[in-house]
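Commentary on secondary and tertiary structure
The lines below spell out each chain.
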Amino acid sequence: MNTARSITIAIDGMSCASCVNRVEKALRGADGVMAADVNLAAGTANVGLAGDADTAAVVAALETAGYPAHLAELTFDVEGMSCASCVGRVERALKAVPGVAEAAVNLAAGTASVRILEGAVDASTVAEAATAAGYPATPRSEGDDAAAGRDERMAAEEAALKRDVVVAAILATPVFLLAMGGHVFPSAEAWLAGTFGHQTLLFVQFALTAAVLAGPGRRFYQKGVPALLRASPDMNSLVALGTVAAFAYSTVATFLPALLPEGARHVYYEAAAVIVLLILVGRLMEARAKGRTGAAIRKLAGLRAKTARVVKDGAEVDTPIDRLAVGDVIRVRPGERIAVDGVVAEGASYVDESMLTGEPLPVEKHRGDKVVGGTVNGAGSFAFTAEKVGAETTLSQIIRMVQAAQGAKLPIQALVDRVTMVFVPAVMAAAALTFVVWLAFAPAPALADALVAAVAVLIIACPCAMGLATPTSIMVGTGRAAELGVLFRKGDALQALHEVGVVAFDKTGTLTEGRPKLTDLVVAPGFEEDAVLRLVAAVEATSEHPIAAAIVAAAKVRGIDLPAASNFRSLTGLGVAATVEGREVLVGSARLLSGEGIALGDLEAAGEGLAKAAKSSIFVAVDGLAAAVVAVADPVRGETRAVVDALHGMGLKVAMISGDAKASAEAVASGLGIDHVVAGVMPDGKVAAIESLREGGRRVAFVGDGINDAPALAAADIGIAVGSGTDVAIESAEVVLMSGDLGGVLSAFEISRRTMANIRENLVWAFGYNVALIPVAAGVLYPAYGILLSPMLAAGAMALSSVFVLTNALRLRFAGSRRGVGAGSAPAGHRPGAAAKRPVEA
């Protein structure tokens, strides 16, 4: 009988009595809620739940009402999981805890990510629920080194397995030789039987097999038998049942043969012993492969400095990294790794930032420049002031993002979860049915063959492969992406990106460099370029407009000294005017000069040609005469065209969304081969543009970098933020390109596609293996071909099944090798420019 329970929920957004009423109404309408009382002053709600109520439904009801619950995320290290059935049981146990909103368990990583209602439950209560279900769980604190902890657990597990494999091999080999050696060397079998006696040899096999089961095989019974008693059998339960059945039958045949029909007095000690050995070998190979799936996290964690040289009272003191504080001044010597994020206070050097950007060339750092923890100093020396320490550093945030992505559950996993929850009970039922059918229909004496077939069914089933199929691919894929400078902030972005049909780019700062430059200076007869540029730059020197800055920068590059301007006047919507060294200078639009009665002459045609080339034209008049037309443009990134062509080669359509004028935006798009342009839009207009691109059911990815891109990044099916952009943009995205190089877009798509293909391969293998071989183990081939699968072969096949899945996932470590386009990678088989332009119907 279900019992009622009560939880207290902290709620955001309540400000008045109307809010209270709405929240209470929303809560009372949620399934399983028996009562709800809201306290506006405390910002909480006390909710009475029926025993079978789902906390997630309560959270969803509050979210829909616009008053979200306070949620906290906890991570637990979970021991004892060996297959997909274990994952399902741990998740069920965690979700049953009052106050737990979501729970996702990762078999490959041995972790559980749990979202709880703040104040409703604590970490120890959640951990106790998993432990009570037979899977000891330990909360992981914020400061824990997850990579190191996982490595220690994996190393301990591998060492224990290696020891058990050695012991099992020493004990099982004589059993196997005594039982099977006679088929190869009949004379040796006859000699042994004649020398020691047949019954004595059976006693030896009994003793050695018992030692195998009680020693190295004990792990299967310690976990499998309690799971059976809880009516929640797992992979260990199958092995325990199979080996005990073979051993018990053999024991009866050895000590009480009269209980069995004369033709059925066979022993299967070698099957029980070798099954344990082969499964342990498989788990050892599995443990080693699992260890390699976390290589990316280990590499990232290895970038952390252990100590830093802090300057205090004129002295330099070596300080552990965890004792650094914001404001500490840290001295960095040549070749040292920078400890935390900060700003250069004195000195200068070149810093290798390839771990962030993927770019091999060191970056010059001077006073005021930012430095990032984990990067490596070059030959110089400098001091910097710490701005972010501990969990706030860029490197720590990257590690957290990768871990979160690796622990995610993709939508494709839902089918696996439904199947694996009933898989082990179904296998046990199939084994029982196999035994009954053999007894009923096989020729006498059928008991021995019925036992062999039933044990083979129990042993060959492999829920391990099903459980590992998705998480191992996710772990390796997201880890490889991080090595390429692509961070999946949300694990399900891996699958969503694979389903995208249109990639929309922001123009300024994403497709272009975001820094306008003077590209052309066309002077009228009688004027010199440097002289005109000197006058124009002098006028623009007082302006903060990006175009003015580009003109001043061009003058400085040419080494031109700028005189002072006087009588500066801003002519709204037209341009500016000023006096420079006694000369009247006008800088602005063609309308400005025409309004002053100044004829443009040949400069008018030059200006029109520059406008068609997507350049901003500025006309200059000196002392009443048209002197020049100056063109300023935001240069397209060097890799942009190759990226667009490569996306076309992947079958994707490309769009550009820009706030620029239509003519300018279309000129840029035409030069890049972009399919569709939306120009002259404000930030909310970008959201509308994305909605239009979705017509026809297409999924849209948006790539942007600025604050004004945040709404579009959030509105798109997948937001891809260029890492050199703003924090607001990055927080709104599902994927972050750390290097700021558009080639990372290609790496993201390739990793997504390769990972999803890898997951499908693993699932086809895991399901196909079981669907094909369980009937074979049951004996479906026996009537026609006389083939009955040995339990030992079944054990070997089962062990290799999990190893296949892990090995296949590890192939993703070589996905997206950097070549061709910036820091990203063009997918194999796609050359830039290989595909024709495709129109996008908006």
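Residues numbered from 1 in each chain as written. Predicted model: local features only at pLDDT ≥ 70, side-chain atom pairs only at ≥ 80, totals over all residues. Heavy atoms only, no water.

Here we take up the nonpolar core. Counting residues in each nonpolar core, the largest one holds 147 residues, and the members touching the most others are Phe488, Phe505, Leu647 and Phe749. Sequence-distant contacts of phenylalanine 488, that is, excluding residues within four places in its chain, are made with Met401, Ala405, Thr478, Ala481, Ala493, Leu494, Leu497, Glu734, Val735, Ala748 and Ile751. Listed in part, the 26 residues of the second largest apolar core include Leu535, Val539, Ala555 and Ala627. (Core = buried A, V, L, I, M, F, W, Y, C linked by side-chain atoms within 4.5 Å. Buried < 20%, exposed > 50% of the residue type's maximum accessible area, 1.4 Å probe, protein only. Contact = heavy atoms within 4.5 Å.)

The subject of this paragraph is the sheet that holds strand 20 (residues 575-580). Here 6 strands make up an open sheet; going across it, the order is 18-23-22-21-20-19 and the pairing antiparallel. Each end of this open sheet is capped by a strand with a single partner; those strands are strand 18 (517-523) and strand 19 (565-571). Neighbour-to-neighbour, the strand axes of the sheet open up by a mean angle of 20°, direction not taken into account. Taken together, the 7 bridges between strand 22 (residues 616-622) and strand 23 (residues 625-633) define a ladder with antiparallel strand orientation. Looking across to strand 23, one finds that serine 616 is bridged to valine 632. (Pairing = 2+ DSSP bridges. Helix = DSSP H or I, 4+ residues; strand = E, 2+ residues; numbered from the N terminus. Axes fitted to C-alpha atoms, helices over the stretch in contact; angles between N-to-C directions.)

With 36 residues, helix 28 (residues 743-778) extends 53 Å from end C-alpha to end C-alpha; this agrees with the ideal 52 Å at 1.5 Å per step. Following helix 28 by one or two positions, glycine 779 has its phi on the positive side, about 105°. (Expected span 1.5 Å × (residues − 1).)

This part covers the UniProt feature "transmembrane region" (unreviewed entry) in the chain. According to UniProt, the "transmembrane region" (unreviewed entry) feature falls on residues 165-184, 196-217, 238-260, 266-285, 419-441, 447-470, 763-782 and 788-810. Its end C-alpha atoms 28 Å apart, residues 196-217 is made of 82% helix and 0% strand. For residues 419-441, helix accounts for 100% and strand for 0%, while the C-alpha atoms at its two ends are 30 Å apart. (UniProt positions renumbered as here; feature names shortened; annotations may be inferred.)

What follows covers the sheet that holds strand 3 (residues 44-49). Think of a sheet as strands paired side by side through backbone hydrogen bonds, with each pair either parallel or antiparallel. The strand order 1-3-2 describes an open sheet built from 3 strands, whose pairing is antiparallel. Of all the strands in the sheet, the pair left with one neighbour each is strand 1 (5-10) and strand 2 (33-39). Mean inter-strand twist for the sheet, computed between neighbouring axes without regard to direction, equals 20°. Its contacts with the sheet place helix 1 (residues 17-28) against strand 2 and strand 3, and it is angled at close to 165° to strand 2.

Turning to a nonpolar patch on the surface, a few remarks are in order. Taken together, the side chains of Phe203, Phe255, Leu256 and Leu259 define a hydrophobic patch exposed on the protein surface, amounting to about 420 Å² of accessible area. By the secondary structure assignment, phenylalanine 203 is in helix 7 (residues 198-214). (Patch = residues over 30% accessible without salt bridge, like charges linked within 9 Å, V, L, I, M, F, W, Y side chains within 5 Å. Areas by Shrake-Rupley, 256 points an atom, 1.4 Å probe, with all protein chains shown as cover. Salt bridge = Lys/Arg side-chain N within 4 Å of Asp/Glu carboxyl O.)

Moving on: the side chain of threonine 319. Assignment of secondary structure puts threonine 319 in strand 9 (residues 315-320). There is a polar contact of 3.2 Å between the side chain of threonine 319 and the backbone oxygen of valine 317. If we skip the residues at most four places from it in the chain, threonine 319 touches Thr307, Ala308, Val310 and Leu324. (Polar contact = N/O pair within 3.5 Å; in protein donor to acceptor, adjacent residues only side chain to side chain.)

Here the UniProt feature "domain: HMA" (unreviewed entry) sits at residues 5-70 and 72-138. Counting secondary structure, residues 72-138 comes out at 33% helix and 34% strand; the distance between its end C-alpha atoms is 17 Å.

On to the layout of surface pockets. The space that makes up the second largest pocket amounts to roughly 670 Å³. If you trace the second largest pocket, you find 27 residues lining it, with Glu79, Gly80, Met81, Glu157 and Lys223 closest to the centre. Looking at the lining of the second largest pocket, the elements that each hand over two or more residues are helix 5 (146-184), helix 8 (218-229) and helix 10 (269-293). A total of 8 residues in the lining of the second largest pocket trace back to one element, the largest contributor, which is helix 5. (1 Å grid on protein atoms, 1.4 Å probe; cavity = no way out; pocket = protein on both sides within 12 Å on 5 of 7 lines; lining within 4 Å. Points joined across faces, edges and corners; volume = space filled by probe spheres on them.)

What follows is about helix 20 (residues 546-557). Taking 1.5 Å as the rise per residue, helix 20 with 12 residues should run 16 Å; its terminal C-alpha atoms sit 16 Å apart, in good agreement. Three or more residues of helix 20 are buried, namely Ala548, Ala550, Ile551, Val552, Ala554 and Ala555. The inward-facing, buried residues of helix 20 abut strand 18, helix 19 (529-540) and strand 23. Positive phi appears at glycine 559, one or two residues downstream of helix 20, with a value of about 75°.

A separate point is the packing of helix 9 (residues 235-255) against helix 14 (residues 413-441). Helix 14 packs onto helix 9 with a crossing angle of 20° between their chain directions and a minimal axis gap of 9 Å. Between helix 9 and helix 14, the crossing angle belongs to the class labelled roughly parallel. Relative to helix 14, the crossing made by helix 9 is right-handed. In this structure, helix 9 contributes Met235, Leu238 and Leu241 to the contact, and helix 14 contributes Val424, Val427 and Met428. Counted by class, the contact of helix 9 with helix 14 contains 6 nonpolar, no polar and no charged residues. (Parallel < 35°, antiparallel > 145°, perpendicular 65-115°, else oblique. Left-handed = near helix turned anticlockwise from the far one by under 90°. Nonpolar A, V, L, I, M, F, W, Y, C, P; charged D, E, K, R; others polar.)

Let us now look at the packing of aromatic side chains. Going through the model one piece at a time under the given rule, you end up with 10 aromatic pairs. Taking the centre distance of 5.1 Å and the plane angle of 80° together, the rings of phenylalanine 206 and phenylalanine 255 count as edge-to-face. Taken as a pair, phenylalanine 206 in helix 7 and phenylalanine 255 in helix 9 lie far apart in primary sequence, 49 residues in all. Since its relative accessible area comes to 42%, phenylalanine 255 is described here as partly exposed. Centroid distance phenylalanine 382 to phenylalanine 384: 6.3 Å. Interplanar angle 50°. Geometry classified as tilted. Neither phenylalanine 382 nor phenylalanine 384 differs from the other in exposure class; each is buried. Grouped by ring-pair contacts, the aromatic residues Phe203, Phe206, Phe247, Phe255 and Tyr269 constitute a single cluster. (Phe/Tyr/Trp six-rings, centres within 6.5 Å; stacked < 30°, edge-to-face > 60°.)

Let us now look at the packing of helix 15 (residues 447-460) against helix 28. Where helix 15 contacts helix 28, the axes come no closer than 8 Å and their chain directions differ by 165°. Accordingly, the angle class assigned to the pair helix 15 and helix 28 is roughly antiparallel. Classified by chirality, the crossing of helix 28 by helix 15 is right-handed. Across the interface between the two elements, Ala453, Ala456, Val457 and Ile460 of helix 15 pack against Tyr769, Asn770, Leu773, Ile774, Ala777 and Ala778 of helix 28. For the contact of helix 15 with helix 28, a count of residues per class yields 9 nonpolar, 1 polar and no charged.

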